Amino acid sequence: MIIRSPNNPILNPKDIPPSRPDFKVDGVFNAGVVRHEGQVLLLLRVAESVISTDATTISIPYIKKGKIKVASYDKKKDTHIDFSDSRKISYKETNKIFHLTSLSHLRIARSTDGIHFRVDKEPWFLPDQDVNTWGVEDPRITPIEGRYYITYSAVSAGGVAVALTETEDFISYTHRGIIFSPENKDVALFPEKIGGLYYIMHRPVPRSIGDPDIWIASSPDLIHWGNHTRLLGSTEDSWENGRIGGGAPPFLTEKGWIAIYHGVDKDARYCLGALLLDANNPSHIIARTKNPIMEPETSYEKEGFFGEVVFTCGLLYEDGIVKIYYGAADETMALAEMSIDDLYRALGL
Ligand code: MAN
């Protein structure tokens, strides 16, 4: 059984100072999490847009030649544009997405109890490269041998790619570039080598044949990935019959690797499921939850910037408890806990 924190949502947009005076924070969600120097550190995705003066205008920030630009559209007059998805705008005729409605950066928050967080006033890093002119999203943190590896979506007009950045102190960082070209996202890096190789789950999006399924790959150096095999597809089950994608980085238990992933139905409702993978061969699935371990139920999960979403990029597995930090409705950060025994039961073990 999953137990939501009574303090939920633990972070709201109003807790986050905007990165510029003309910006407003639309969402703080899909954070990576790690224990660092005795504290719980969240790497938040902060989505911002431009404060607009009237209700029909939508003003969208994006980066051009390293500078923030603003594009404005009129929801009433621009009849050729589809504004129905709060996350993006597209041309009605071609369905082509030509802007996201917000620009995301990454921000650090720290806590001693894992519930009450102090949020940095400034972004940790901004989208300031050609590959992320539409934003950096959904960071996942994997500690390996004293360093922290952050995988995240780098979004631009060229597509959604997966970038890798590393740090040892959450002060300075080194960008290691794009590790998966578009379209790919939802990358979950395993926290230790298995049989001498690093392992990663990723989610390519095929355009002609095939579906957005979860794949697994290995690497000798975290940069060059090979031995790609398809791990998991969506099922006919109603909660994940749309698409699936990786969630938090997997964690090792006495029974094998557990990976929490997300499943989406045909109405874009996002739930969480779990997988048990072989400890020595993570390409082998031992068990998969039949039903979601968590689905949008509370008002802050059902309603928000994009409602009906629970989406995790990070968890802490401590003292037999799985503490899932998750984005609710693409607007707030929330926390829910589940005992490992309940999770085993959900996996049919
Ligand atoms: C995308 C994800 C997340 C987001 C969900 C729900 O697929 O990458 O950024 O939380 O959709 O909108």
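Attention in this report is confined to the structure presented alongside it. Small disclaimer: the values here were computed from a predicted structure and weren't measured. Sequence order as written defines residue numbering, which begins from 1 separately in each chain. In keeping with the predicted nature of the model, local features appear solely for residues at pLDDT of at least 70, side-chain atom pairs appear and are counted solely at 80 or more, and the whole-chain, interface and lining totals rest on all residues. By convention in this description, side-chain values take in all heavy atoms of the structure and omit both hydrogens and water.

### Quick look at the overall build of the protein chain
Heads up, the rule is: Numbering of helices and strands runs from the N terminus; a helix is a DSSP stretch of H or I covering at least four residues, while a strand is a stretch of E covering at least two. Two things to know: the radius of gyration comes from C-alpha atoms, and the globule rule equals 2.2 Å times the number of residues to the power 0.38. Only protein chains enter the accessibility calculation, which uses a 1.4 Å probe; a residue is then buried when its area is under 20% of its type maximum, exposed when over 50%, and partly exposed in between. In this description, contact between two residues means that some pair of their heavy atoms is separated by no more than 4.5 Å.
Broken down by element type, the protein chain carries two helices and 26 strands. In terms of overall size, the protein chain behaves like a compact globule, its C-alpha atoms giving a radius of gyration of 19 Å where 349 residues would be expected to give roughly 20 Å. Dimensions of the protein chain, computed from C-alpha atoms along their principal axes, come out at roughly 60 × 45 × 40 Å. Per-residue burial over the protein chain gives 55% buried out of 349 residues. The contacts of the protein chain with a sequence gap of at least 6 include a subset with a gap of at least 24, amounting to 50%.

### Overview of the site of the ligand
Counted only if it meets this: The cutoff for a nearby residue is simple: one of its non-hydrogen atoms must lie within 4 Å of the molecule or strand. Throughout this description, a polar contact denotes any pair of N or O atoms lying within 3.5 Å of each other; where both atoms belong to protein, one of them has to be capable of donating a hydrogen while the other can accept it, and for residues adjacent in sequence the pair is counted only when both atoms sit in side chains. In short, Shrake-Rupley with a 1.4 Å probe defines the accessible areas, and a residue's cover is counted only from the protein chains shown. Using a 1 Å grid laid over the protein atoms alone, points where a 1.4 Å probe fits but cannot get out form a cavity; open sets with protein on both sides within 12 Å along at least 5 of 7 lines form a pocket; any residue with an atom within 4 Å of a point counts as lining. Whether a molecule sits in a cavity or pocket is decided by its atoms, more than half of which must lie within 2 Å of the grid points. Only Asp, Glu, Lys and Arg are considered charged in this grouping, and only Ala, Val, Leu, Ile, Met, Phe, Trp, Tyr, Cys and Pro are considered nonpolar; every other residue, Gly among them, is considered polar.
Surrounding the ligand, one finds Asn 30, Arg 45, Arg 87, Asp 138, Lys 185, Tyr 270, Phe 306, Phe 311 and Asp 330. A distance of 2.6 Å separates an oxygen atom of the ligand from a polar side-chain atom of Arg 87. Measuring from an oxygen atom of the ligand, one finds a side-chain N or O atom of Lys 185 at 3.2 Å. Here the ligand has 310 Å² of accessible area as a free molecule, and 92% of this is covered by the chains. Comparing atom positions with the cavity grids shows the ligand to sit within the largest pocket. Here the shell around the ligand is composed, by residue class, of three nonpolar, one polar and five charged.

### Thoughts on the sheet that holds strand β3 (residues 39–50)
Formally: Being paired, for any two strands, means DSSP has found at least two bridges between them.
Ordered by their spatial adjacency, four strands build an open sheet running β2-β3-β9-β10, and the pairing between neighbours is antiparallel. On the outer flanks of this sheet lie β2 (23–36) and β10 (118–119), each paired with one strand and no other.

### Here's the deal with empty space enclosed by the protein
Worth spelling out the cut-off: Grid points are joined across faces, edges and corners, and a volume is the space filled by probe spheres set on the points.
Within the structure shown, the criterion is met by one cavity of 30 Å³ or more. Quantified by volume, the largest cavity comes out at close to 50 Å³. Residue lining of the largest cavity: Ser 19, Phe 23, Glu 48, Ile 68, Leu 103, Ser 104, His 105, Leu 126 and Pro 127, and that is the complete set. When residues in the lining of the largest cavity are grouped by element, the largest group, three residues, is from strand β9 (residues 103–111). Of the residues contributing to the lining of the largest cavity, the split by class is five nonpolar, three polar and one charged.

### Re the pairing of strand β12 (residues 147–156)
Regular strands show a simple pattern: their side chains alternate between the two faces of the sheet. Most of β12 is tucked away: nine of the 10 residues are buried. Connecting the antiparallel pair strand β11 (residues 135–144) and β12 is a turn made up of two residues, with Glu 145 showing a positive phi of about 45°. Sheet topology note: the β12/strand β13 (residues 159–167) ladder contains nine bridges and is antiparallel. In the sheet register, Ser 156 faces β13, and the bridge partner there is Gly 159.

### Considering the packing of aromatic side chains
The criterion, for reference: Stacked, tilted and edge-to-face pairs are distinguished by plane angle, under 30 degrees for stacked and over 60 for edge-to-face with tilted covering the rest, among Phe, Tyr and Trp rings (Trp via its six-membered ring) whose centres lie within 6.5 Å.
The tally for this structure, following the rule as stated, stands at 15 aromatic pairs. Each ring, one from Tyr 73 and one from Phe 98, has its centre 5.5 Å from the other, and the planes form 80°; the classification is edge-to-face. Here the residue Tyr 73 occupies a position in strand β5 (residues 67–74), and Phe 98 occupies one in strand β8 (residues 97–100), the gap between them amounting to 25 residues. When sorted by exposure, Tyr 73 lands in the same class as Phe 98, which is buried.

### Quick look at the nonpolar core
The test is simple: Within this scheme, the nonpolar core is defined by two criteria: the residues are buried Ala, Val, Leu, Ile, Met, Phe, Trp, Tyr or Cys, and they are joined through side-chain atoms within 4.5 Å.
Of all hydrophobic cores here, the largest spans 25 residues; its most connected members are Ile 258, Ile 260, Ile 293, Met 294, Ile 324, Tyr 326 and Leu 343. Elements represented by at least two residues in this core include exactly β21 (256–264), β22 (270–277), β24 (310–318), β25 (321–328), β26 (332–339) and α2 (340–346). If one sorts the elements of this core by residue count, β25 sits on top with four residues. Setting aside its immediate chain neighbours within four residues, Ile 293 contacts Ile 2, Ile 260, Leu 272, Gly 273, Ile 324, Met 338, Leu 343 and Ala 346. Membership of the second largest hydrophobic core comes to 18 residues, among which are Ile 10, Val 28, Val 40 and Leu 335.

### A closer look at the pairing of β26
Counting buried positions over the eight residues of β26 gives six, a clear majority of the element. Sheet topology places strand β1 (residues 3–4) next to β26; two bridges connect them, and they run antiparallel. Across the sheet, residue Ile 3 finds its bridge partner in β26, namely Glu 337. Here β25 pairs with β26 via eight bridges, running antiparallel. In the strand pairing of β26, Ile 324 is matched with Ala 336.

### Quick word on the state of the cysteines
Put simply, the rule reads: For the purposes of this analysis, a disulfide is any pair of cysteine sulfur atoms at a distance within 2.5 Å.
Under the criterion given, the structure shown has zero disulfides. The thiol of Cys 271 is not disulfide-bonded; the next cysteine sulfur, from Cys 313, is found 16 Å away.

### A look at the side chain of Ser 102
Mapped onto the elements of the fold, Ser 102 is located in the loop between β8 and β9. Leave out the neighbours within four places in its chain, and Ser 102 touches Asp 26, Ala 47, Glu 48 and Trp 134.

### Brief notes about the pattern of salt bridges
This is how it is decided: The working definition used for a salt bridge is a side-chain nitrogen of Lys or Arg within 4 Å of a carboxyl oxygen of Asp or Glu.
Taken as a whole, this structure holds 24 salt bridges when the rule is applied. As a salt-bridge pair, Arg 147 and Glu 166 come within 2.5 Å of each other at their nearest N and O atoms. Taken together, the positions of Arg 147 in strand β12 and Glu 166 in strand β13 put the pair 19 residues apart, joining distant regions of the chain. The class of Arg 147 is partly exposed, set by a relative accessible area of 24%. Among the residues examined, Glu 166 registers a relative accessible area of 7% and is labelled buried. One salt bridge connects Glu 308 with Lys 302, and the closest N-O pair in it is separated by 3.3 Å. Looking at Lys 302, the relative accessible area reads 33%, which means it is partly exposed. Among the ionic contacts, a cluster of salt bridges with common partners joins Arg 147, Glu 166, Glu 168 and Arg 176.

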